Amino acid sequence: MADPFDTAGIRARVLHAWAASPERFREDANAEEDLALGGYRDRLLVELAQNAADAAVAAGVPGHLRLQLADGCLRAANTGAPLDAAGAAALASLRASAKRDGQTVGRFGVGFAAVLAVTDSPEIASADGGVRFSAAETRRDVAALPSLTAEAARRGGAVPVLRLPRPVDDPPPDGFASEVRLPLRPEAVQVVQAALAALDAAILLALPGLSRIEVGERVIERSGADPEVVISDDGALTSWHVVRAGGLLPPELLADRPVEEREHPGYALLWAVPDSGLTGPQVLHAPTPSDEPLSLPARLVGPFPLGPDRRHVAPGPLTDWLVQRAADAYVDLVREAGPGAEVLRLVPQPGLAAAALDAALCTAVLSRLRALPWLPGELAPPAACALEPALEAAVPLLSDVIPGLLPVPWSGRAAQRPLHALGVRRLGAADVVDAVSGIVRPPAWWHDLYAALADDPDREALASLPVPLADGRLVTGPRGVLLPAPGLAVAALAALDVRLGHPDAVHPLLERLGGLPASPLVVLSDERVRAQVEQAYEDGGAVPLVEAVLALVSAAEIGPGRLPWLADLPLLAEDGQTYPAGELLLPGGALAAVMADDSPFAVVATALVQRWAAPVLEAVGVLATFAALRAPDVDTAEHDLDDEQAYLDEVLIEQGTVLEELAAVRDLEFVDPARWAAALDLLAAGPLRSVLVTDALVNPGGRQVPSYTRWWLARHPVLDGRRPRDLRAAGAGELAGLYEPAPGSDDTLLRLLGCRTGLDDVLSDIDGALDLLDRLGDPRHRCPATTLRVAYRRLAEVLDDVEPPDRVRVAPDRVVSAAEAVVLDVPYALPLLGSMHPVPGGGAVADLLDLPLASELAVGEVGGGVVGQQSWADVDGVDLAAARLGGEPPAAEVRTHHTLTVSGVAVRWWPEGSIDHVDAASGPAALGRALAWRMGRWDLRAAAVEALAAPAEARPGLAAEDAGN
């Protein structure tokens, strides 16, 4: 077999060296093991691609690599320069590379050791010859050397595979200069399959000499030129933005580097980022992938010096110098990446450095990016600012308002961290409000600004937003600004001194910040409008103001009394003079028909009625019927009501009531006395009737206090010339004879007017009680018996320290002088009163009427023969009687007399100390009354009498009935 590369000579020299020095054999074995298991593990495909790229560069042709796995053998065919003698010698040397021209990516040619991870018998076929290696054949050769027996045994048969090359006469495939053939160990087949499937198409960026890789049916190609390189992976295109930097390394940085490196003084750096951006962790390619992690989202290829493990960058001045050059190139990458905010994804994030090299790169890049003017508008980060993400929509509106404001989407949420890293100022709602304060912009611009700020949660800051008004002013803050609703005639309201927002600027944000939706009613309710109306009469009644207010009232469709202060609006009267609306009557109205001729009211001008219609004029206070007043928290007479102070004195002072609201009908005092019937019809209708119904709070004494209107009507002659309080309603039967019935069939209205509804109503106020006391003593009246039984007692509960009457009613139809009356406080004294007329009651009634008590007058000595005496407990039938009275028989004595007398006057029964005297002839009637009085149950005396009178045989049944009750 031909041996063009003198592999036999190489083997002979190596075996001779091993035989002469077993230490050399051990050194070669260890070195190869370090390379295969250390720095070049997992680098098989990368090393094959790198060698293919080097071959293409050496030949000056486009590099093409084909990777095929079939029948357990991986084949890597490449174009370019074929293997030569120097290359064959380098493959077998482990430490000496044939790549000395400075044009290749590899340095030492030792990367081929990566094949040992998957094969024991690699070979390279080339156009000018080939070499192969075999672990089995090397073990055979070593076994033939006695000096290596012990060392080979110690290593368990492990030998350096790549030291003894052998010739190959099988040429590479057509179209290729070389082919690496790797018969795989069985366990390596799946590993290689996975590596082929995972081969990164971006490997072509790091290998400029290689333009095409075929992996089975998969084709990876590079096209285009810097700075835009396109890589096709089975037709899927990825565009990479590439920035390269290169030159000569300073000699002083190479002084302490190995000789092989000093022979390569040039350096080439590459940064690349795809158009879709890189995701996931990156590593440094130096130039093949290392284990040096990077957080920067771009691929870095550079000749950083690696440590002995070929995995990590060796620290030192050369590394530091290359970091600075890489940072310069990275800044160029950022500046060339395009004007959009997506470039921010390339900004390093402080605190996220993956390792020392990465930290140094990020620091160097950030220091440059923070200082250079590369942001939109050629701004350096310190001169730029961006809005908070929630305000991003406002950026186009504020670009000419806030200096240095970055465009959309530089204010987006994704831009927050990069801009923070760069030191770009973030502006919030408060900053925006400060920036726009006082600027002049069209109302529609402000509307757009509010829309852009609507999603910001900082309501406190936005509360000071300027708001353009319809009159051209710009006010600070939406609170209290009236926001005109669609259809509101803004132009017609120019005469009103209100903070009415410009219609073109209105946005829902203003309402959320305290603005008020300006319906016609809301505008009318504004304090400024009220102040203008209340001052308008004094100012001469400006017509534009009146027209604006009437237009609002018409649009609001409010009813009379809704806004009482509108009654101050000056309107033209029929007599040509101007009056407050509340002093004008609607021509032909119901109120005009009942007012007295000398009332202070004028009639509104007919022209106004024709222009605005009666409902609008009534809403501002022109009177078609009585006006109603409702005023809260009343404690002073300030509402210009007739006798208002007298009412308040009675309600607030005499009766101790707190009025939460004063409800009243105005102008009752101006009704023509002859027209009260028609006036009452008005009061009985609709809203006015509700004012009559309204009562004040129940006062602390528990009595209901009437409203002002009921109080006033009750005290004035409005019912056929008589006061309602002097008449009784139809249902007040207990007052029959004392009060005349009121005229009319509307009993409810009569009650509302103050007609007496019963004894409780009469006694609800002091005046009523005094009037009743007089009527009881007036012989022209009668009194129902049931009323008379309680009337004086009820009056005594209400009245105190009053002048006693001269005459006292003693029967429904009988009145006597006070000198002939006595208060019957004890029933047993009645037979002793003689010609005195009893009045039911007790001490309070005696004080009220200034009459003696019967118990004081009826005294005397008990007489009449005694029949017998026994305790109440021994009286026949007393148990049932006491039970009916609700207790037990009392601990007292019963003394029975033939004929019971007191001071010679016959009586039925008489209590004296602990003895109850009874007349024998009076029987159970006397006993029952005596027992009821003794037990304090005089009201149940009939039940006691009945029980004591029952036959003995009937008592058990009665007792049972009692128990059932």
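To be clear, the structure that these remarks concern was listed above.
Residues numbered from 1 in each chain as written. Predicted model: local features only at pLDDT ≥ 70, side-chain atom pairs only at ≥ 80, totals over all residues. Heavy atoms only, no water.

## Details of the overall build of the protein
Moving on, step 1. Helix and strand counts for the protein come out as 38 helices and 39 strands.
Moving on, step 2. For the protein, the C-alpha radius of gyration of 60 Å lies well beyond 30 Å, the compact-globule estimate for 965 residues.
Moving on, step 3. Overall, the C-alpha framework of the protein stretches about 175 × 95 × 50 Å when taken along its three principal axes.
Moving on, step 4. Here the protein holds 965 residues, and the buried ones make up 50% of them.
Moving on, step 5. Considering only contacts in the protein between residues 6 or more positions apart, those separated by 24 or more positions represent 63%.
Moving on, step 6. Within the structure as shown, the protein displays about 42,800 Å² of accessible surface, and the carbon and sulfur contribution to it stands at 53%.
Moving on, step 7. Charge separation in the protein, taken as the distance between the mean sites of 79 positive and 132 negative side-chain charges, equals 9 Å. (Helix = DSSP H or I, 4+ residues; strand = E, 2+ residues; numbered from the N terminus. Rg over C-alpha atoms; globule rule 2.2 N^0.38 Å. Buried < 20%, exposed > 50% of the residue type's maximum accessible area, 1.4 Å probe, protein only. Contact = heavy atoms within 4.5 Å. Areas by Shrake-Rupley, 256 points an atom, 1.4 Å probe, with all protein chains shown as cover. Lys, Arg positive; Asp, Glu negative; His and termini not counted. Charge placed at Lys NZ, Arg CZ, Asp CG, Glu CD.)

## Focus: the pairing of strand β3 (residues 123-126)
Looking along a regular strand, one sees side chains alternate from face to face of the sheet.
Moving on, step 1. Side-chain alternation along β3 places Glu123 and Ala125 on one buried face and Ile124 and Ser126 on a second face that is also buried.
Moving on, step 2. Hairpin connection, β3 to strand β4 (residues 130-132): the antiparallel pair is bridged by three residues, and Gly129 has positive phi, about 130 degrees.
Moving on, step 3. Where β3 lies against strand β6 (residues 178-183), four bridges are found, and the strand directions are antiparallel. Note that in β6 the partner of Ile124 across the bridge is Val180. (Pairing = 2+ DSSP bridges.)

## So, the sheet that holds strand β39 (residues 915-919)
Moving on, step 1. One open sheet accounts for four strands, arranged β34-β35-β39-β38; its pairing is mixed. The sheet is open, and its two borders are formed by β34 (866-871) and β38 (909-912), each paired with just one other strand. The average angle at which neighbouring strand axes cross in this sheet is 20 degrees, direction not considered.
Moving on, step 2. Bridge count between β38 and β39: four bridges; the pairing is antiparallel. Within β39, the position partnered with Glu912 by the bridge is Ile915.
Moving on, step 3. Lying over the sheet, helix α36 (residues 923-934) contacts β35 (893-897), β38 and β39, oriented at roughly 160 degrees with respect to β39. (Axes fitted to C-alpha atoms, helices over the stretch in contact; angles between N-to-C directions.)

## Looking at the packing of aromatic side chains
A ring pair, where both rings are aromatic, is described by two values, the distance of the centres and the angle of the planes.
Moving on, step 1. Using the criterion set out here, one finds 16 aromatic pairs in the structure.
Moving on, step 2. Ring centres of Phe601 and Phe670 lie 5.9 Å apart, and the angle between their planes is 85 degrees; this geometry places the pair in the edge-to-face category. With Phe601 in the loop between α22 (590-594) and β24 (602-603) and Phe670 in the loop between β26 (659-665) and α26 (676-683), this pair connects stretches of sequence that are 69 residues apart.
Moving on, step 3. Given the relative accessible area of 14%, Phe601 is considered buried.
Moving on, step 4. Pairing Trp933 with Trp938 gives two aromatic rings, centres 5.8 Å apart and planes at 85 degrees, and the pair type is edge-to-face.
Moving on, step 5. On the basis of relative accessibility, which here comes to 27%, the residue Trp933 falls in the partly exposed class.
Moving on, step 6. Here Trp938 falls in the partly exposed class, since its relative accessible area comes to 22%. (Phe/Tyr/Trp six-rings, centres within 6.5 Å; stacked < 30°, edge-to-face > 60°.)

## What to know about the environment of Arg181
Moving on, step 1. Inspection of the secondary structure assignment puts Arg181 in strand β6.
Moving on, step 2. Linking Arg181 and Arg132, residues 49 residues apart in sequence, is a C-alpha distance of 8.9 Å.
Moving on, step 3. Apart from residues no more than four positions distant in its own chain, Arg181 is found in contact with Cys73, Leu74, Arg75, Ser121, Pro122, Glu123, Ala125, Val168, Asp170, Pro171 and Pro172.
Moving on, step 4. At a separation of 3.1 Å, a polar atom in the side chain of Arg181 contacts the side chain of Asp170. (Polar contact = N/O pair within 3.5 Å; in protein donor to acceptor, adjacent residues only side chain to side chain.)

## Examining the pairing of β26
Moving on, step 1. Extensive coverage of β26 is indicated by the burial of five of its seven residues.
Moving on, step 2. Inspection of the sheet shows strand β25 (residues 628-634) paired to β26 by six bridges, in the antiparallel sense. Residue pairing for β26: Leu629 is matched across the bridge by Ala664.

## Observations regarding a negative patch on the surface
Moving on, step 1. Together, Glu228, Asp275, Asp332 and Glu336 line one region of the surface with negative charge.
Moving on, step 2. For Asp332, the location among the structural elements is in helix α11 (residues 317-336).
Moving on, step 3. Judged by relative accessible area, Asp332 falls into the partly exposed class, the value being 36%. (Patch = residues over 30% accessible without salt bridge, like charges linked within 9 Å, V, L, I, M, F, W, Y side chains within 5 Å. Salt bridge = Lys/Arg side-chain N within 4 Å of Asp/Glu carboxyl O.)

## Details of the pattern of salt bridges
Moving on, step 1. For the structure on display, the rule yields 45 salt bridges.
Moving on, step 2. Asp778 is paired through a salt bridge with Arg780; the nearest N and O atoms lie 2.7 Å apart.
Moving on, step 3. Judged by its relative accessible area of 14%, Asp778 falls in the buried class.
Moving on, step 4. Ionic pairing is found between Arg884 and Glu946, a salt bridge with its closest N-O pair at 3.3 Å. Of the two residues, Arg884 is situated in helix α35 (residues 878-884) and Glu946 in helix α37 (residues 941-949); the sequence distance between them amounts to 62 residues.
Moving on, step 5. With relative accessibility at 15%, the residue Arg884 sits in the buried group.
Moving on, step 6. Ionic contacts of the salt-bridge type, sharing partners, join the residues Arg75, Glu123, Asp170, Glu179 and Arg181 into one network.

## Details of the nonpolar core
Moving on, step 1. Ranked by size, the top nonpolar core spans 63 residues in total, and within it Leu67 and Ile213 carry the most contacts.
Moving on, step 2. Apart from residues lying up to four places away in sequence, Ile213 is in contact with Leu65, Leu67, Leu199, Ile203, Leu204, Arg218, Val219 and Ile220.
Moving on, step 3. Ranked by size, the runner-up nonpolar core spans 51 residues in total, among them Leu300, Val313, Val323 and Ala326. (Core = buried A, V, L, I, M, F, W, Y, C linked by side-chain atoms within 4.5 Å.)

## Some words on the sheet that holds strand β37 (residues 905-906)
Hydrogen bonding along the main chain pairs the strands of a sheet, whether they run parallel or antiparallel.
Moving on, step 1. Strands sit in the order β33-β36-β37 across an open sheet of three strands; the sheet is antiparallel. Each edge of the sheet is formed by a strand with only one pairing partner; in this case those strands are β33 (862-863) and β37.

## Re the side chain of Glu32
Moving on, step 1. Within the secondary structure, Glu32 is located in helix α2 (residues 22-39).
Moving on, step 2. Although buried, Glu32 forms no salt bridge, and the nearest oppositely charged side chain, Arg163, lies 6.8 Å from it.
Moving on, step 3. A distance of 2.7 Å separates a polar side-chain atom of Glu32 from the backbone nitrogen of Leu162.

## Here we look at the packing of α36 against α37
Moving on, step 1. Where α36 meets α37, the closest approach of the two axes is 8 Å, and the angle between their N-to-C directions is 135 degrees. As the angle between them shows, α36 and α37 are arranged oblique. Here α36 runs over α37; the crossing is right-handed. Here Pro924, Ala925, Leu927, Gly928, Arg929 and Ala932 of α36 come into contact with α37, specifically with Arg941, Ala944, Val945, Leu948 and Ala949.
Moving on, step 2. Split by residue class, the contact of α36 with α37 holds eight nonpolar, one polar and two charged. (Parallel < 35°, antiparallel > 145°, perpendicular 65-115°, else oblique. Left-handed = near helix turned anticlockwise from the far one by under 90°. Nonpolar A, V, L, I, M, F, W, Y, C, P; charged D, E, K, R; others polar.)

## Digging into helix α15 (residues 429-436)
Moving on, step 1. Residues Ala429, Val432, Val433 and Val436 constitute the buried set of α15. Projected onto a plane normal to the axis of α15, the buried residues spread over an arc of 100 degrees and lie on a single side. (Arc of directions from axis to C-beta.)

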